[in-house]
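# Structural overview
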Amino acid sequence: MLGKLILIILFPLGVMAQTTAEETTSSTSQSQAPAGEQSQEGESSEETETVTQSETAVTVEQDEDNDSTPARSKVEKIEVTGSHIRRTDIEGPSPVLVIDRERIESSGMNTVSGVLQQSTVSPFGTSSQFPNSVNLKGLGSAKTLVLINGQRAPGTGSSYLSGPVSTDFVPLAAVERIEILKDGASATYGSDALGGVVNIITRKDIDGIAVANQYNMTSFEGGDNNRASFAYGTQTSKSNFMTSAQVTINQGYRLSALDYSGLGLEESRVWATNYQNDSGDIVPAPGCTDLNAFGECADFDRTSRTIEQGYDVDWVTQYSRDLSSGAEFYSTVLLGYSYDPDSLPVRLATPGQGSGAFFTAAESPAAWNSLPGYSGGDIYITHRFDDLINKSIEQTYYGGLVTGVKGYFGNSDWEWDASLNNQINVQTVTEENLGYFPGAQAALSSGAYNPFDASQRDTTGIGIDTFNRNRFMLNWAEFKTNGSLGSLLGFNWAAAAGASAAHFEYADHRAAPIVQGLTMGQSGVIGSAGRELYALFGELSGVIANKFELQFSLRGDLYSDFGETINPKIAARYQPTSWLTLRSSAGTGFQAPTLQDMNTSLEGFFSQQTDYVRCNDPSINDCNDKSFAAVQAANQDLQEETSLSVNFGAIVQPLDNLTVGVDVWMAKVEGVIGTNIDQILRAEADFGPGALGPLGVNLIRLNGDPTGEIQRVEYTLVNQGVQQVEGLDFDAEYKLQTSIGDFTFKDELSYIFHYYQEFISRYGREDIVGRAGAPRWRNNFSIGYQKGEWDALILARSTADMLWDNFAIGQYNPSVVSPTQFDVSVARNFGDIGRFQLGAINIGNIRPRFSASQDIDRSLFRPYTTYYLTYRKDF
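For every chain, the first residue of the written sequence is number 1, and numbering continues from 1 onward in sequence order. In keeping with the model being predicted, local features are shown solely for residues with a pLDDT of at least 70 and side-chain atom pairs are shown and tallied solely at 80 or more, while totals for entire chains, interfaces and linings include all residues. Side-chain numbers here rest on the full set of heavy atoms in the structure, without hydrogens or water.

### Comments concerning the overall build of the protein chain
Put simply, DSSP H or I for four residues or longer makes a helix, DSSP E for two residues or longer makes a strand, and each gets a number counted from the N terminus. Looking only at helices and strands, the protein chain features nine helices and 44 strands. In this scheme, a residue with accessible area under 20% of its type's maximum is buried, one over 50% is exposed, and one in between is partly exposed, where area comes from a 1.4 Å probe on protein chains only. Residues classed as buried in the protein chain amount to 52% of the 875 residues present. Contact criterion: two residues are considered in contact whenever any of their non-hydrogen atoms come within 4.5 Å of each other. Taking the intrachain contacts of the protein chain between residues at least 6 apart in sequence as the baseline, contacts between residues at least 24 apart amount to 69%. As displayed, the protein chain offers around 36600 Å² of accessible surface, 54% of which is attributable to carbon and sulfur atoms. Accessible areas in this description were obtained via Shrake-Rupley with a 1.4 Å probe; residue shielding takes into account the shown protein chains only.

### Regarding the side chain of R101
Tracing the sequence through the fold places R101 in helix 2 (residues 101-107). A distance of 2.6 Å separates the side chain of R101 from the backbone oxygen of V175, its partner in a polar contact. With near-sequence residues (within four places) excluded, R101 lies in contact with L172, A173, V175, E176 and R203. Within 3.5 Å is the distance limit for a polar contact, defined as a pair of N or O atoms, with the added protein rule that one can donate a hydrogen and the other accept it, and that residues adjacent in sequence qualify only through two side-chain atoms.

### Some remarks on a nonpolar patch on the surface
Among the surface-exposed residues, F830, I833, F836, L838 and L869 lie close enough to one another that they form a single nonpolar patch of about 480 Å² accessible area. By secondary structure assignment, the location of I833 is in the loop between strand 42 (820-829) and strand 43 (835-841). I833 sits in the exposed class, given a relative accessible area of 52%. Each patch groups residues whose relative accessible area exceeds 30% and which form no salt bridge, using 9 Å between like charges and 5 Å between nonpolar side chains of Val, Leu, Ile, Met, Phe, Trp and Tyr. By definition, a salt bridge exists where a carboxyl oxygen of Asp or Glu is found within 4 Å of a side-chain nitrogen of Lys or Arg.

### Quick word on unusual backbone geometry
Backbone geometry at N703 places phi at a positive 60°, although glycine is not the residue there. Mapped onto the fold, N703 is located in the loop between strand 33 (697-701) and strand 34 (710-716). A positive phi angle, near 60°, is found at N842, a position not held by glycine. Structurally, N842 can be placed in the loop between strand 43 and strand 44 (866-874). For N842, a relative accessible area of 0% gives the class buried.

### Topic: the pairing of strand 8 (residues 208-218)
Bridging between strand 8 and strand 9 (residues 225-235) involves nine bridges; their strand directions are antiparallel. Considered in strand 9, the bridge of I209 is made with Y232. By this definition, two strands are paired if DSSP reports at least two bridges between them.

### Concerning the state of the cysteines
Pairs of cysteine sulfur atoms within 2.5 Å are what we label disulfides. Applying the stated criterion across every chain, the model contains one disulfide. Linked covalently through their sulfurs, C615 and C623 form a disulfide whose S-S length is 1.9 Å. Taking the sign of the S-S torsion, 90° for the link of C615 and C623, the bridge is right-handed. Overall, the relative accessible area of 18% leaves C615 in the buried class.

### As for the sheet that holds strand 29 (residues 602-609)
The four strands are arranged 29-30-34-33 in an open sheet whose pairing can be described as mixed. The open sheet terminates on both sides in strands that have one partner only, identified here as strand 29 and strand 33. Adjacent strand axes in the sheet meet at a mean angle of 25°, parallel and antiparallel pairs treated alike. Pairing between strand 33 and strand 34: five bridges, direction antiparallel. The residue of strand 34 that forms the bridge with I700 is R712. Only the stretch in contact is used when fitting a helix axis, every axis being a line fitted to C-alpha atoms; angles between N-to-C directions are given from 0 to 180 degrees.

### Here we look at the sheet that holds strand 19 (residues 357-359)
Taken together, four strands build an open sheet; the order of strands is 13-12-20-19 and the sheet is antiparallel. On the outer flanks of this sheet lie strand 13 (282-284) and strand 19, each paired with one strand and no other. On average, each strand axis in the sheet is tilted by 30° relative to the strand beside it, whichever way the strands run. Two elements, strand 19 and strand 20 (residues 379-382), share three bridges in a ladder whose sense is antiparallel. Looking at the pairing, F358 lines up with Y380 of strand 20.

What follows is the structure, given as structure tokens:
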């Protein structure tokens, strides 16, 4: 495959280069413009020597000894996100949103993830498991590629949970801008760019010292944090150096300190002590007045979890230097560490089945016989061990080293770039007093620990200490080149080509009791795997008279485990007038199956599920939420997820101070890897157990009875799902200068027409737009003000109302009324003293209206008010 791809990429480039050489020789006497560049219409070649394949005309420096030798432009070209062809302007055929440093500072956010979440680029917000990620097009955070200066950012992954890259690995003080490509880009970057690309560009302009400090105070007790950053840079005629560090200290707090109900966060169902009586009813234990809809004590504090004080340290250093040969050496070092502890009372839970435990009559101590309605038979109880606290300490270490050398071939404008990207991410989790089921079962059966009598609470053997560690590594080598090809068929052509080779590796080591499935609330297995990747890529871009641009991209990837994939992309930009630009693109993409999904089996459990077989049977009518063991088997036959992306857009600038952009897009992903347990249970009830085999599912019921309670689900991840999203992105900016100051009005809208999901083809696709977590639209409207040393910002963040999933009846109810939340800030520059900024995020503590059983989506809404004070000073 790679041999064919080499011919596909290089053949047209060679033909074009030969044709260009012939044309250049024959036209030397007519024009002194370098190959690949032409004069503007209506101007002589003597008056304007060059116009590059961008919107900006530049001058060139000719070789004094040989006027016929192509020369390089004095104007620096940059590599814009979405293309390997360097250009002098950012605006191209694909939509790229740029969040510059001025906007970053006025946002009031102190992390990259905060800046991105304040935008509408993630139409559905981000995953609660990965709050620091970004989710372009709503396809999932893992389908958004994150880069730093065009290189892949440090990733993470374990056999139990592999997730997307966090965007907070760079101190905000070191960020120059954030470029967001809102278009598929696998033809350029390979895997993971199905939804788009976020490229974090670091600063190169620091010459001295820059310090910043922001203190954030929440509207509830606890939860404050302080983030301090430092940056130092120095520049010479041949080198550039910058180093920046950031330290964040997060204050601890109890969830019960939050001043509102309904925010369950990660503890939505903490059970109080209750038991199953002789009639099979779940009843409250002595001391509990009643049970709520969740089966927990109605007067029980659900938010008992304590988030303890933690901290994060991030550091980036970059260095570049001109070499004597005319080449340039560059390097970037990334290091980071986080310490996140929390604690929670241990809960009695059968491994693999969630809360509660079953005891036979022989295992039940005589002391329990006095319970109302219980006469000594089999019993099922739930309990929270308030006097046994599990403390979890999660520590993450990451590092990245990018080194490279770039230069030009001779005196041509063809640039070459060779780089190495090495990454490592290590995560450790220390558990103190992790619930140990055999010890708990023994203590309860012997009567040493009596959940119904506070005077008998010996916790010996119930809690154990464990240590887990996972490691992810990446070594990536790449060579690429780009430059102009000359004129052909009326176009000025430029091209890029390159090759990559990479090695991926992960290893996950978990404590033996966890691997053996003996702990309460945790499970997992030991796993490790590696893979190699080889890739070739090429691009071709042509421009006519600076009005029409065509861009072709092609990339082939060969993975050592699942195979090969080739992905093309075509894009075009047309500017018929100075105030109107039209653009469109179409391309395919892919995401490689994770090493974890292909090589590691997992043990866990599904919770809060409806058993439709028993629920739909009138003689049983058991529609209560269920928890049961689940085993996910490795599948080395997994293939890549494939995608098709299409975009049509326009940029209108009717006035010098007014710009409007609209993009209509579609993204379809097929062969989505995953499982949908709710649809699996529905399929069993609707089509019979035989329907589960093709889905890779084996469902085991009690005693083999087709209507018995589910004991265990064994399944294999398969390439079976489909996602299709259709939407519109709109942004407008109007700048107004007045005698009282300068105003900037900006609106940013993300609107989703449809979001189709399909897992079981017999059910067809389902449009989930409008449900909880998938709002129809998000809109941000801001007013910025600047006069002299003062500036201010008001931002209104609005989200469409959503329907809430009512698990009890399997329907969606219109119970989430989404408000408009406001962020405000005022800043003043005091010259030599520094710049102070005072602001509030979600001023007035405005929250969605919801029922007590619902959680606030923290990636869509700010569930409380945060006041902040920021100080910045450049020395």
